[in-house]
There are 2 protein chains.
Amino acid sequence: MNERAGGFHQRLERAWERNDSLLCVGLDPDPRRLPTGLDGATDAVFRFCVEIVEATADLVCAFKPQIAHFAALRAENQLERLCEHIAEHHPDIPIILDAKRGDIGSTAEQYAKEAFNRYGADAVTVNPYLGTDSIEPFLASGAVIALCRTSNPGSADLQMLDVDGEPLYLRVARMIAERWSTLGEVGLVVGATHPDELGRVREVVGDLPILVPGVGAQGGDAGEAVAAGARTDGRGLIVNSSRAVLYASSGPDFAEAARETAIATRDACRLSRAG
Amino acid sequence: MNERAGGFHQRLERAWERNDSLLCVGLDPDPRRLPTGLDGATDAVFRFCVEIVEATADLVCAFKPQIAHFAALRAENQLERLCEHIAEHHPDIPIILDAKRGDIGSTAEQYAKEAFNRYGADAVTVNPYLGTDSIEPFLASGAVIALCRTSNPGSADLQMLDVDGEPLYLRVARMIAERWSTLGEVGLVVGATHPDELGRVREVVGDLPILVPGVGAQGGDAGEAVAAGARTDGRGLIVNSSRAVLYASSGPDFAEAARETAIATRDACRLSRAG
(Lines give C-alpha, C1' and ligand atoms only; values in the text may rest on other atoms or scores of the structure.)
Protein backbone atom coordinates (compact mmCIF):
# COMPACT_ATOMS: atom_id res chain seq x y z
CA MET A 1 0.00 0.00 0.00
CA ASN A 2 1.17 3.46 -0.74
CA GLU A 3 2.29 5.23 2.42
CA ARG A 4 2.96 8.66 1.04
CA ALA A 5 0.70 11.42 2.28
CA GLY A 6 -2.86 11.67 1.02
CA GLY A 7 -4.98 9.82 -1.50
CA PHE A 8 -4.55 10.04 -5.25
CA HIS A 9 -6.92 12.96 -5.78
CA GLN A 10 -5.34 15.04 -3.05
CA ARG A 11 -1.81 14.30 -4.24
CA LEU A 12 -2.77 15.12 -7.81
CA GLU A 13 -4.37 18.44 -6.82
CA ARG A 14 -1.20 19.39 -4.96
CA ALA A 15 1.02 18.45 -7.92
CA TRP A 16 -1.16 20.47 -10.31
CA GLU A 17 -0.79 23.43 -8.01
CA ARG A 18 2.88 23.18 -7.05
CA ASN A 19 4.26 22.61 -10.55
CA ASP A 20 1.48 24.62 -12.22
CA SER A 21 1.37 21.88 -14.83
CA LEU A 22 -1.13 19.48 -16.39
CA LEU A 23 1.65 17.48 -18.06
CA CYS A 24 2.22 13.81 -17.30
CA VAL A 25 5.31 12.12 -18.70
CA GLY A 26 4.69 8.55 -19.82
CA LEU A 27 7.56 6.14 -19.23
CA ASP A 28 7.33 3.64 -22.12
CA PRO A 29 10.96 2.64 -22.68
CA ASP A 30 11.67 1.06 -26.07
CA PRO A 31 15.05 -0.72 -26.04
CA ARG A 32 15.45 -0.04 -29.78
CA ARG A 33 15.28 3.71 -29.18
CA LEU A 34 17.51 4.19 -26.15
CA PRO A 35 20.09 6.95 -26.52
CA THR A 36 23.65 6.16 -27.49
CA GLY A 37 25.72 5.23 -24.48
CA LEU A 38 22.85 3.74 -22.45
CA ASP A 39 21.79 0.98 -24.81
CA GLY A 40 24.35 -1.58 -23.63
CA ALA A 41 23.73 -1.51 -19.85
CA THR A 42 21.92 -4.41 -18.18
CA ASP A 43 19.65 -1.94 -16.40
CA ALA A 44 19.50 0.47 -19.34
CA VAL A 45 15.72 0.85 -19.20
CA PHE A 46 15.79 1.85 -15.53
CA ARG A 47 18.68 4.27 -16.02
CA PHE A 48 17.04 5.86 -19.06
CA CYS A 49 13.75 6.40 -17.24
CA VAL A 50 15.49 7.83 -14.17
CA GLU A 51 17.25 10.38 -16.35
CA ILE A 52 13.91 11.38 -17.89
CA VAL A 53 12.33 11.61 -14.42
CA GLU A 54 15.14 13.81 -13.12
CA ALA A 55 14.93 16.06 -16.18
CA THR A 56 11.17 16.62 -15.89
CA ALA A 57 10.06 16.14 -12.27
CA ASP A 58 9.49 19.88 -11.69
CA LEU A 59 7.41 20.12 -14.87
CA VAL A 60 4.80 17.41 -14.34
CA CYS A 61 1.70 16.55 -12.32
CA ALA A 62 2.30 12.77 -12.60
CA PHE A 63 4.52 10.06 -14.04
CA LYS A 64 2.92 7.18 -15.91
CA PRO A 65 5.09 4.07 -16.36
CA GLN A 66 3.63 1.65 -18.93
CA ILE A 67 4.07 -1.91 -17.67
CA ALA A 68 4.03 -3.78 -21.02
CA HIS A 69 7.31 -2.17 -22.01
CA PHE A 70 8.95 -3.68 -18.93
CA ALA A 71 7.15 -7.03 -19.07
CA ALA A 72 8.19 -7.69 -22.68
CA LEU A 73 11.81 -7.26 -21.55
CA ARG A 74 11.50 -9.39 -18.41
CA ALA A 75 12.35 -6.16 -16.59
CA GLU A 76 9.74 -6.00 -13.83
CA ASN A 77 12.57 -5.50 -11.35
CA GLN A 78 13.61 -2.34 -13.21
CA LEU A 79 10.02 -1.07 -13.03
CA GLU A 80 10.04 -1.72 -9.28
CA ARG A 81 13.27 0.25 -8.91
CA LEU A 82 11.89 3.07 -11.07
CA CYS A 83 8.75 3.39 -8.95
CA GLU A 84 10.87 3.30 -5.78
CA HIS A 85 13.08 6.02 -7.21
CA ILE A 86 10.14 8.29 -7.99
CA ALA A 87 8.56 7.68 -4.58
CA GLU A 88 11.82 8.40 -2.75
CA HIS A 89 13.12 11.37 -4.72
CA HIS A 90 9.82 12.94 -5.83
CA PRO A 91 7.35 11.91 -3.16
CA ASP A 92 4.89 14.62 -4.19
CA ILE A 93 4.46 13.34 -7.76
CA PRO A 94 1.76 10.64 -8.12
CA ILE A 95 2.60 7.44 -9.99
CA ILE A 96 -0.03 6.15 -12.43
CA LEU A 97 0.70 2.57 -13.42
CA ASP A 98 -0.58 2.19 -16.97
CA ALA A 99 -1.59 -1.47 -17.10
CA LYS A 100 -5.22 -1.40 -18.32
CA ARG A 101 -6.09 -4.27 -16.04
CA GLY A 102 -9.53 -5.83 -15.85
CA ASP A 103 -10.56 -9.08 -14.18
CA ILE A 104 -12.90 -10.34 -11.51
CA GLY A 105 -12.94 -11.42 -7.89
CA SER A 106 -9.79 -12.96 -6.53
CA THR A 107 -7.89 -12.27 -9.75
CA ALA A 108 -8.69 -8.56 -9.59
CA GLU A 109 -7.35 -8.64 -6.01
CA GLN A 110 -4.05 -10.03 -7.32
CA TYR A 111 -3.81 -7.28 -9.95
CA ALA A 112 -4.49 -4.71 -7.24
CA LYS A 113 -1.64 -6.16 -5.18
CA GLU A 114 0.60 -5.97 -8.22
CA ALA A 115 -0.17 -2.28 -8.82
CA PHE A 116 -0.41 -0.90 -5.31
CA ASN A 117 1.78 -3.17 -3.17
CA ARG A 118 4.46 -4.36 -5.55
CA TYR A 119 4.91 -1.15 -7.56
CA GLY A 120 3.55 1.36 -5.04
CA ALA A 121 1.36 3.07 -7.63
CA ASP A 122 -1.12 5.75 -6.58
CA ALA A 123 -3.50 4.82 -9.40
CA VAL A 124 -3.77 2.10 -12.03
CA THR A 125 -5.51 2.27 -15.40
CA VAL A 126 -8.36 -0.25 -15.79
CA ASN A 127 -10.75 -1.43 -18.49
CA PRO A 128 -14.47 -1.00 -17.71
CA TYR A 129 -15.85 -3.86 -19.88
CA LEU A 130 -16.25 -6.28 -16.94
CA GLY A 131 -18.38 -3.90 -14.88
CA THR A 132 -18.52 -2.47 -11.39
CA ASP A 133 -17.65 -5.55 -9.35
CA SER A 134 -14.43 -5.94 -11.35
CA ILE A 135 -13.30 -2.51 -10.12
CA GLU A 136 -14.14 -2.83 -6.43
CA PRO A 137 -11.08 -4.93 -5.49
CA PHE A 138 -8.87 -2.17 -6.92
CA LEU A 139 -10.73 0.63 -5.13
CA ALA A 140 -10.25 -1.18 -1.82
CA SER A 141 -6.55 -0.27 -1.89
CA GLY A 142 -5.96 2.53 -4.41
CA ALA A 143 -7.33 4.67 -7.22
CA VAL A 144 -8.39 3.58 -10.71
CA ILE A 145 -8.44 5.51 -13.97
CA ALA A 146 -10.89 3.77 -16.29
CA LEU A 147 -10.80 3.72 -20.09
CA CYS A 148 -13.67 5.77 -21.50
CA ARG A 149 -12.85 7.02 -25.03
CA THR A 150 -9.41 5.91 -26.18
CA SER A 151 -7.16 7.70 -28.67
CA ASN A 152 -6.85 4.97 -31.33
CA PRO A 153 -8.90 4.92 -34.58
CA GLY A 154 -10.50 1.54 -33.71
CA SER A 155 -11.84 2.87 -30.42
CA ALA A 156 -15.08 3.72 -32.23
CA ASP A 157 -15.83 0.02 -32.82
CA LEU A 158 -17.38 -0.30 -29.36
CA GLN A 159 -17.06 3.08 -27.70
CA MET A 160 -19.21 4.93 -30.27
CA LEU A 161 -22.02 2.37 -30.41
CA ASP A 162 -25.38 3.97 -29.73
CA VAL A 163 -26.89 3.07 -26.35
CA ASP A 164 -30.30 4.62 -25.75
CA GLY A 165 -29.43 7.69 -27.75
CA GLU A 166 -25.91 8.27 -26.48
CA PRO A 167 -22.56 6.69 -27.39
CA LEU A 168 -21.28 3.89 -25.15
CA TYR A 169 -18.28 5.93 -23.97
CA LEU A 170 -20.63 8.55 -22.52
CA ARG A 171 -22.66 5.85 -20.76
CA VAL A 172 -19.38 4.59 -19.31
CA ALA A 173 -18.47 8.12 -18.18
CA ARG A 174 -21.85 8.39 -16.46
CA MET A 175 -21.41 5.03 -14.72
CA ILE A 176 -17.98 6.06 -13.45
CA ALA A 177 -19.19 9.47 -12.25
CA GLU A 178 -22.45 8.34 -10.69
CA ARG A 179 -21.50 4.94 -9.29
CA TRP A 180 -17.81 4.19 -9.21
CA SER A 181 -16.91 7.58 -7.73
CA THR A 182 -19.03 6.68 -4.69
CA LEU A 183 -16.91 3.54 -4.15
CA GLY A 184 -13.46 5.10 -4.15
CA GLU A 185 -11.08 7.39 -6.02
CA VAL A 186 -11.63 7.28 -9.78
CA GLY A 187 -10.62 9.05 -12.97
CA LEU A 188 -11.19 8.44 -16.69
CA VAL A 189 -9.17 8.14 -19.89
CA VAL A 190 -10.22 10.23 -22.90
CA GLY A 191 -7.83 10.59 -25.85
CA ALA A 192 -6.62 14.00 -27.00
CA THR A 193 -7.54 12.90 -30.53
CA HIS A 194 -11.21 13.50 -29.61
CA PRO A 195 -11.39 17.02 -28.10
CA ASP A 196 -15.15 17.42 -28.66
CA GLU A 197 -15.83 14.17 -26.84
CA LEU A 198 -13.47 15.21 -24.06
CA GLY A 199 -15.71 18.23 -23.56
CA ARG A 200 -18.82 16.04 -23.43
CA VAL A 201 -17.18 13.77 -20.86
CA ARG A 202 -16.22 16.77 -18.73
CA GLU A 203 -19.87 17.88 -18.68
CA VAL A 204 -20.87 14.47 -17.35
CA VAL A 205 -18.13 13.77 -14.78
CA GLY A 206 -17.91 17.05 -12.86
CA ASP A 207 -14.48 17.56 -11.34
CA LEU A 208 -13.09 14.04 -11.75
CA PRO A 209 -9.55 13.87 -13.15
CA ILE A 210 -9.27 12.90 -16.82
CA LEU A 211 -6.11 11.30 -18.18
CA VAL A 212 -5.55 12.46 -21.75
CA PRO A 213 -3.18 10.35 -23.86
CA GLY A 214 -2.55 10.89 -27.54
CA VAL A 215 -0.73 14.24 -27.69
CA GLY A 216 2.62 14.33 -29.47
CA ALA A 217 3.40 11.15 -31.42
CA GLN A 218 -0.29 10.22 -31.78
CA GLY A 219 -1.23 13.61 -33.25
CA GLY A 220 -3.54 15.06 -30.58
CA ASP A 221 -3.18 18.77 -29.77
CA ALA A 222 -2.48 19.56 -26.12
CA GLY A 223 -3.96 23.03 -26.31
CA GLU A 224 -7.22 21.87 -27.87
CA ALA A 225 -7.51 19.13 -25.28
CA VAL A 226 -7.09 21.59 -22.41
CA ALA A 227 -9.54 24.07 -23.93
CA ALA A 228 -12.12 21.31 -24.26
CA GLY A 229 -11.57 19.33 -21.07
CA ALA A 230 -10.08 21.40 -18.25
CA ARG A 231 -12.17 22.25 -15.22
CA THR A 232 -13.23 25.84 -14.65
CA ASP A 233 -10.21 26.24 -12.33
CA GLY A 234 -7.95 25.31 -15.28
CA ARG A 235 -6.97 21.96 -13.76
CA GLY A 236 -8.57 18.50 -13.86
CA LEU A 237 -6.53 17.06 -16.74
CA ILE A 238 -3.49 14.79 -16.80
CA VAL A 239 -2.14 15.41 -20.30
CA ASN A 240 0.20 12.57 -21.12
CA SER A 241 3.11 12.66 -23.51
CA SER A 242 5.38 9.64 -23.82
CA ARG A 243 7.38 9.18 -27.00
CA ALA A 244 7.62 12.86 -27.95
CA VAL A 245 9.38 13.52 -24.62
CA LEU A 246 11.34 10.26 -24.25
CA TYR A 247 12.80 10.30 -27.73
CA ALA A 248 13.15 14.04 -28.31
CA SER A 249 16.79 13.26 -29.06
CA SER A 250 18.69 10.00 -29.43
CA GLY A 251 22.03 11.67 -28.71
CA PRO A 252 23.82 12.36 -25.43
CA ASP A 253 21.59 15.44 -25.01
CA PHE A 254 18.45 13.28 -24.70
CA ALA A 255 17.61 14.45 -21.17
CA GLU A 256 17.90 18.14 -22.05
CA ALA A 257 15.88 17.59 -25.22
CA ALA A 258 13.23 15.74 -23.19
CA ARG A 259 13.10 18.69 -20.79
CA GLU A 260 12.65 21.17 -23.63
CA THR A 261 9.81 19.15 -25.14
CA ALA A 262 8.22 18.78 -21.70
CA ILE A 263 8.42 22.55 -21.13
CA ALA A 264 6.87 23.25 -24.53
CA THR A 265 4.01 20.82 -23.88
CA ARG A 266 3.43 22.14 -20.38
CA ASP A 267 3.33 25.69 -21.75
CA ALA A 268 0.97 24.73 -24.57
CA CYS A 269 -1.42 23.54 -21.88
CA ARG A 270 -0.96 26.76 -19.90
CA LEU A 271 -1.49 29.05 -22.87
CA SER A 272 -4.64 27.26 -23.76
CA ARG A 273 -5.94 27.64 -20.23
CA ALA A 274 -5.25 31.35 -20.32
CA GLY A 275 -7.11 31.72 -23.60
CA MET B 1 6.99 -17.19 -31.03
CA ASN B 2 5.54 -20.60 -30.44
CA GLU B 3 7.38 -23.23 -32.45
CA ARG B 4 5.25 -26.23 -31.66
CA ALA B 5 3.34 -27.71 -34.55
CA GLY B 6 0.25 -25.94 -35.89
CA GLY B 7 -1.69 -22.86 -34.97
CA PHE B 8 -3.92 -22.54 -31.93
CA HIS B 9 -7.10 -23.78 -33.57
CA GLN B 10 -5.42 -26.85 -35.04
CA ARG B 11 -3.70 -27.71 -31.77
CA LEU B 12 -6.93 -27.27 -29.86
CA GLU B 13 -8.88 -29.50 -32.26
CA ARG B 14 -6.26 -32.21 -31.82
CA ALA B 15 -6.34 -31.92 -28.03
CA TRP B 16 -10.16 -32.12 -27.98
CA GLU B 17 -9.91 -35.27 -30.06
CA ARG B 18 -6.98 -37.03 -28.41
CA ASN B 19 -8.06 -36.53 -24.80
CA ASP B 20 -11.78 -36.56 -25.69
CA SER B 21 -12.16 -33.66 -23.28
CA LEU B 22 -13.48 -30.11 -23.23
CA LEU B 23 -11.90 -29.45 -19.83
CA CYS B 24 -9.29 -26.73 -19.33
CA VAL B 25 -7.48 -26.53 -16.00
CA GLY B 26 -6.83 -22.98 -14.87
CA LEU B 27 -3.56 -22.43 -13.03
CA ASP B 28 -4.30 -19.64 -10.51
CA PRO B 29 -1.99 -20.44 -7.61
CA ASP B 30 -2.92 -18.80 -4.33
CA PRO B 31 -0.01 -18.92 -1.86
CA ARG B 32 -2.45 -19.00 1.07
CA ARG B 33 -4.00 -22.22 -0.22
CA LEU B 34 -0.98 -24.29 -1.17
CA PRO B 35 -0.99 -27.82 0.21
CA THR B 36 0.93 -28.70 3.32
CA GLY B 37 4.55 -29.46 2.56
CA LEU B 38 4.81 -27.19 -0.48
CA ASP B 39 4.04 -23.88 1.15
CA GLY B 40 7.57 -23.16 2.36
CA ALA B 41 9.52 -23.65 -0.86
CA THR B 42 10.90 -20.61 -2.71
CA ASP B 43 9.46 -21.96 -5.97
CA ALA B 44 6.34 -23.38 -4.31
CA VAL B 45 3.97 -21.90 -6.88
CA PHE B 46 5.84 -23.49 -9.79
CA ARG B 47 6.07 -26.85 -8.06
CA PHE B 48 2.40 -26.83 -7.12
CA CYS B 49 1.30 -26.04 -10.66
CA VAL B 50 3.59 -28.70 -12.14
CA GLU B 51 2.03 -31.31 -9.88
CA ILE B 52 -1.43 -30.23 -11.05
CA VAL B 53 -0.30 -30.33 -14.68
CA GLU B 54 1.15 -33.82 -14.30
CA ALA B 55 -2.01 -35.05 -12.57
CA THR B 56 -4.37 -33.75 -15.26
CA ALA B 57 -2.52 -33.51 -18.61
CA ASP B 58 -4.31 -36.53 -20.12
CA LEU B 59 -7.70 -35.11 -19.09
CA VAL B 60 -7.60 -31.62 -20.62
CA CYS B 61 -7.78 -29.76 -23.93
CA ALA B 62 -5.76 -26.79 -22.62
CA PHE B 63 -4.01 -25.29 -19.61
CA LYS B 64 -4.76 -21.70 -18.66
CA PRO B 65 -2.23 -20.01 -16.36
CA GLN B 66 -3.55 -16.75 -14.89
CA ILE B 67 -0.76 -14.17 -14.86
CA ALA B 68 -1.98 -11.92 -12.01
CA HIS B 69 -1.42 -14.71 -9.51
CA PHE B 70 2.25 -14.80 -10.49
CA ALA B 71 2.70 -11.04 -10.88
CA ALA B 72 1.37 -10.29 -7.39
CA LEU B 73 4.05 -12.65 -6.02
CA ARG B 74 6.88 -11.26 -8.19
CA ALA B 75 6.99 -14.78 -9.62
CA GLU B 76 7.08 -14.19 -13.37
CA ASN B 77 10.10 -16.46 -13.55
CA GLN B 78 8.02 -19.30 -12.10
CA LEU B 79 5.34 -18.67 -14.75
CA GLU B 80 8.05 -18.84 -17.43
CA ARG B 81 9.27 -22.16 -16.04
CA LEU B 82 5.71 -23.48 -15.83
CA CYS B 83 4.99 -22.65 -19.48
CA GLU B 84 8.32 -24.20 -20.49
CA HIS B 85 7.43 -27.32 -18.54
CA ILE B 86 4.06 -27.68 -20.26
CA ALA B 87 5.56 -27.05 -23.70
CA GLU B 88 8.34 -29.58 -23.13
CA HIS B 89 6.43 -32.38 -21.41
CA HIS B 90 2.98 -31.91 -22.97
CA PRO B 91 3.67 -30.33 -26.35
CA ASP B 92 0.23 -31.25 -27.65
CA ILE B 93 -1.67 -29.26 -25.01
CA PRO B 94 -2.21 -25.59 -25.91
CA ILE B 95 -1.34 -22.91 -23.37
CA ILE B 96 -3.83 -20.06 -22.95
CA LEU B 97 -2.28 -17.15 -21.06
CA ASP B 98 -5.10 -15.54 -19.12
CA ALA B 99 -4.03 -11.90 -18.96
CA LYS B 100 -7.02 -9.97 -20.37
CA ARG B 101 -4.69 -7.55 -22.07
CA GLY B 102 -5.88 -4.59 -24.08
CA ASP B 103 -3.88 -1.65 -25.36
CA ILE B 104 -2.99 0.09 -28.60
CA GLY B 105 -0.19 0.32 -31.14
CA SER B 106 3.33 -0.14 -29.87
CA THR B 107 2.08 -1.05 -26.38
CA ALA B 108 -0.10 -3.87 -27.73
CA GLU B 109 3.00 -5.12 -29.53
CA GLN B 110 4.84 -5.29 -26.21
CA TYR B 111 1.99 -7.24 -24.61
CA ALA B 112 2.04 -9.63 -27.58
CA LYS B 113 5.77 -10.16 -27.03
CA GLU B 114 5.09 -10.84 -23.37
CA ALA B 115 2.45 -13.49 -24.12
CA PHE B 116 3.86 -15.23 -27.17
CA ASN B 117 7.64 -14.78 -26.96
CA ARG B 118 8.33 -14.60 -23.25
CA TYR B 119 5.76 -17.16 -22.07
CA GLY B 120 5.32 -19.13 -25.31
CA ALA B 121 1.53 -19.03 -25.06
CA ASP B 122 -0.60 -20.30 -27.95
CA ALA B 123 -3.37 -17.82 -27.15
CA VAL B 124 -3.88 -14.86 -24.83
CA THR B 125 -7.14 -13.52 -23.44
CA VAL B 126 -7.87 -9.91 -24.46
CA ASN B 127 -10.45 -7.22 -23.72
CA PRO B 128 -12.41 -5.92 -26.74
CA TYR B 129 -13.21 -2.40 -25.44
CA LEU B 130 -10.41 -0.71 -27.43
CA GLY B 131 -11.56 -2.10 -30.78
CA THR B 132 -10.13 -3.92 -33.77
CA ASP B 133 -6.82 -2.11 -34.15
CA SER B 134 -5.94 -2.95 -30.53
CA ILE B 135 -6.17 -6.66 -31.40
CA GLU B 136 -4.18 -6.70 -34.64
CA PRO B 137 -0.72 -6.58 -33.02
CA PHE B 138 -1.63 -9.74 -31.06
CA LEU B 139 -2.99 -11.55 -34.12
CA ALA B 140 0.28 -10.88 -35.96
CA SER B 141 2.01 -13.42 -33.73
CA GLY B 142 -0.58 -15.63 -32.02
CA ALA B 143 -4.22 -16.23 -31.18
CA VAL B 144 -6.54 -14.15 -29.03
CA ILE B 145 -9.57 -15.13 -26.97
CA ALA B 146 -11.67 -12.00 -26.45
CA LEU B 147 -13.99 -11.27 -23.55
CA CYS B 148 -17.60 -11.35 -24.71
CA ARG B 149 -19.95 -12.13 -21.76
CA THR B 150 -18.07 -12.65 -18.51
CA SER B 151 -19.15 -14.80 -15.59
CA ASN B 152 -19.33 -12.11 -12.88
CA PRO B 153 -22.57 -10.43 -11.71
CA GLY B 154 -21.37 -6.95 -12.73
CA SER B 155 -20.74 -8.06 -16.30
CA ALA B 156 -24.26 -6.87 -17.14
CA ASP B 157 -23.29 -3.23 -16.47
CA LEU B 158 -21.87 -2.87 -19.98
CA GLN B 159 -22.27 -6.23 -21.68
CA MET B 160 -26.10 -6.27 -21.47
CA LEU B 161 -26.63 -2.69 -22.64
CA ASP B 162 -29.01 -2.55 -25.59
CA VAL B 163 -27.34 -1.68 -28.90
CA ASP B 164 -29.76 -1.45 -31.83
CA GLY B 165 -32.00 -4.13 -30.36
CA GLU B 166 -29.35 -6.57 -29.19
CA PRO B 167 -27.14 -6.68 -26.09
CA LEU B 168 -23.60 -5.35 -26.42
CA TYR B 169 -22.03 -8.77 -25.80
CA LEU B 170 -23.81 -10.15 -28.88
CA ARG B 171 -22.61 -7.21 -30.95
CA VAL B 172 -19.08 -8.00 -29.72
CA ALA B 173 -19.54 -11.66 -30.67
CA ARG B 174 -20.62 -10.57 -34.15
CA MET B 175 -17.61 -8.26 -34.54
CA ILE B 176 -15.25 -11.06 -33.52
CA ALA B 177 -16.86 -13.61 -35.84
CA GLU B 178 -17.31 -11.36 -38.85
CA ARG B 179 -14.22 -9.19 -38.66
CA TRP B 180 -11.56 -10.36 -36.22
CA SER B 181 -11.72 -13.97 -37.41
CA THR B 182 -10.64 -12.76 -40.87
CA LEU B 183 -7.51 -11.21 -39.34
CA GLY B 184 -6.18 -14.21 -37.43
CA GLU B 185 -7.04 -16.96 -34.98
CA VAL B 186 -9.70 -15.90 -32.48
CA GLY B 187 -11.97 -17.28 -29.79
CA LEU B 188 -14.37 -15.76 -27.25
CA VAL B 189 -15.03 -15.88 -23.50
CA VAL B 190 -18.59 -16.56 -22.32
CA GLY B 191 -19.19 -17.47 -18.68
CA ALA B 192 -20.84 -20.75 -17.70
CA THR B 193 -23.08 -18.69 -15.43
CA HIS B 194 -25.02 -17.59 -18.55
CA PRO B 195 -25.88 -20.80 -20.47
CA ASP B 196 -28.70 -19.20 -22.51
CA GLU B 197 -26.38 -16.45 -23.67
CA LEU B 198 -23.70 -19.01 -24.46
CA GLY B 199 -26.22 -20.60 -26.85
CA ARG B 200 -26.94 -17.24 -28.49
CA VAL B 201 -23.22 -16.59 -28.94
CA ARG B 202 -22.75 -20.03 -30.51
CA GLU B 203 -25.45 -19.20 -33.07
CA VAL B 204 -23.55 -16.06 -34.02
CA VAL B 205 -19.93 -17.30 -34.10
CA GLY B 206 -20.17 -20.56 -36.03
CA ASP B 207 -17.39 -22.97 -35.10
CA LEU B 208 -15.11 -20.56 -33.23
CA PRO B 209 -13.79 -21.87 -29.90
CA ILE B 210 -15.46 -20.48 -26.79
CA LEU B 211 -13.64 -20.38 -23.46
CA VAL B 212 -16.13 -20.97 -20.65
CA PRO B 213 -15.02 -19.89 -17.17
CA GLY B 214 -17.24 -19.97 -14.13
CA VAL B 215 -17.83 -23.67 -13.50
CA GLY B 216 -16.99 -25.03 -10.07
CA ALA B 217 -16.22 -22.35 -7.50
CA GLN B 218 -18.22 -19.67 -9.38
CA GLY B 219 -21.35 -21.83 -9.55
CA GLY B 220 -21.75 -22.46 -13.27
CA ASP B 221 -22.84 -25.96 -14.35
CA ALA B 222 -20.48 -27.65 -16.82
CA GLY B 223 -23.21 -29.87 -18.26
CA GLU B 224 -25.58 -26.99 -18.94
CA ALA B 225 -22.79 -25.01 -20.55
CA VAL B 226 -21.91 -27.86 -22.89
CA ALA B 227 -25.56 -28.50 -23.79
CA ALA B 228 -25.98 -24.81 -24.63
CA GLY B 229 -22.68 -24.02 -26.31
CA ALA B 230 -20.99 -27.05 -27.88
CA ARG B 231 -20.76 -27.33 -31.64
CA THR B 232 -22.77 -29.99 -33.42
CA ASP B 233 -19.67 -32.25 -33.31
CA GLY B 234 -19.73 -31.98 -29.51
CA ARG B 235 -16.55 -29.90 -29.37
CA GLY B 236 -15.89 -26.16 -29.65
CA LEU B 237 -15.78 -25.36 -25.93
CA ILE B 238 -12.88 -24.90 -23.52
CA VAL B 239 -14.59 -25.41 -20.16
CA ASN B 240 -12.31 -23.95 -17.51
CA SER B 241 -12.11 -25.00 -13.89
CA SER B 242 -9.48 -23.47 -11.65
CA ARG B 243 -10.06 -23.44 -7.90
CA ALA B 244 -12.30 -26.53 -7.76
CA VAL B 245 -9.45 -28.57 -9.26
CA LEU B 246 -6.45 -26.82 -7.68
CA TYR B 247 -7.81 -26.91 -4.15
CA ALA B 248 -9.77 -30.15 -4.21
CA SER B 249 -7.67 -31.12 -1.18
CA SER B 250 -5.18 -29.19 0.92
CA GLY B 251 -3.53 -32.36 2.15
CA PRO B 252 -0.70 -34.45 0.69
CA ASP B 253 -3.27 -36.06 -1.64
CA PHE B 254 -3.94 -32.76 -3.43
CA ALA B 255 -2.77 -34.02 -6.83
CA GLU B 256 -4.94 -37.14 -6.69
CA ALA B 257 -7.90 -35.08 -5.50
CA ALA B 258 -7.32 -32.61 -8.33
CA ARG B 259 -7.31 -35.51 -10.79
CA GLU B 260 -10.57 -36.87 -9.40
CA THR B 261 -12.27 -33.48 -9.68
CA ALA B 262 -10.89 -33.05 -13.20
CA ILE B 263 -12.23 -36.47 -14.23
CA ALA B 264 -15.64 -35.66 -12.80
CA THR B 265 -15.78 -32.32 -14.62
CA ARG B 266 -14.55 -33.84 -17.87
CA ASP B 267 -17.20 -36.54 -17.58
CA ALA B 268 -19.96 -34.04 -16.78
CA CYS B 269 -19.12 -32.37 -20.10
CA ARG B 270 -19.14 -35.74 -21.89
CA LEU B 271 -22.45 -36.88 -20.45
CA SER B 272 -24.06 -33.64 -21.43
CA ARG B 273 -22.77 -33.97 -24.97
CA ALA B 274 -24.19 -37.50 -25.20
CA GLY B 275 -27.59 -36.31 -23.99
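Scroll up for the structure.
Predicted model, so just to flag it, every value in this text is computed and none were measured. (Residues numbered from 1 in each chain as written. Chains lettered and ligands numbered in written order. Predicted model: local features only at pLDDT ≥ 70, side-chain atom pairs only at ≥ 80, totals over all residues.)

> Before we move on, could you go through the relation of the copies chain B and chain A and cite the residues and values that matter?
After a rotation of 180 degrees and a shift along the axis of 0.0 Å, chain B superposes on chain A with an RMSD of 0.0 Å. Expressed as an axis order, the relation between the two copies is that of a two-fold axis. Of every C-alpha in chain B, the one belonging to Val163 of chain B sits nearest the axis of rotation, 2.7 Å from it. Most of the interface of chain B is mirrored in chain A: 100% of its interface residues are interface residues there too. (Least-squares fit on C-alpha atoms with pLDDT ≥ 70 in both. Contact = placed C-beta atoms within 7 Å.)

> Report on helix H4 (residues 76-89) of chain A, specifying residues and quantitative values.
All names here are of chain A. Over its 14 residues, H4 runs 20 Å from end to end, which matches the ideal 20 Å to within 8%, given 1.5 Å per residue. Of all the positions in H4, only Gln78, Leu79, Leu82, Cys83 and Ile86 are classed as buried. What you see down the axis of H4 is that its buried residues fit within an arc of 140 degrees, all on one side. Of the residues in H4, the exposed ones pointing more than 90 degrees away from the buried face are Glu84 and Glu88. Close packing links the buried residues of H4 with strand E1 (23-27), helix H2 (44-56), strand E2 (62-65) and helix H3 (67-71). (Helix = DSSP H or I, 4+ residues; strand = E, 2+ residues; numbered from the N terminus. Expected span 1.5 Å × (residues − 1). Buried ≥ 20, exposed ≤ 12 C-beta atoms within 10 Å, placed from the backbone. Arc of directions from axis to C-beta.)

> Before we move on, could you go through the environment of Thr182 of chain A and cite the residues and values that matter?
All names here are of chain A. Considering the arrangement of structural elements, one finds Thr182 in the loop between helix H8 (168-178) and strand E8 (186-190). Owing to 9 C-beta atoms within 10 Å, Thr182 belongs among the exposed residues under this scheme. It is 27 Å that separates the C-alpha atoms of Thr182 and Ser21, two residues lying 161 residues apart in sequence.

> A description of the interface of chain B and chain A should follow, citing residues and the corresponding values.
Contact with chain B, which involves 42 residues of that partner, is made by 42 residues of chain A. Within the residue set of the side of chain B that touches chain A, elements represented by two or more residues are helix H3 (67-71), helix H5 (105-118), helix H6 (132-139), helix H7 (156-159), strand E6 (162-163) and helix H8 (168-178) of chain B. With seven residues, the single largest contributor to the side of chain B that touches chain A is H5 of chain B. Partitioning the side of chain B that touches chain A into residue classes produces 15 nonpolar, 14 polar and 13 charged. (Nonpolar A, V, L, I, M, F, W, Y, C, P; charged D, E, K, R; others polar.)

Geometric values such as these leave the question of function open.
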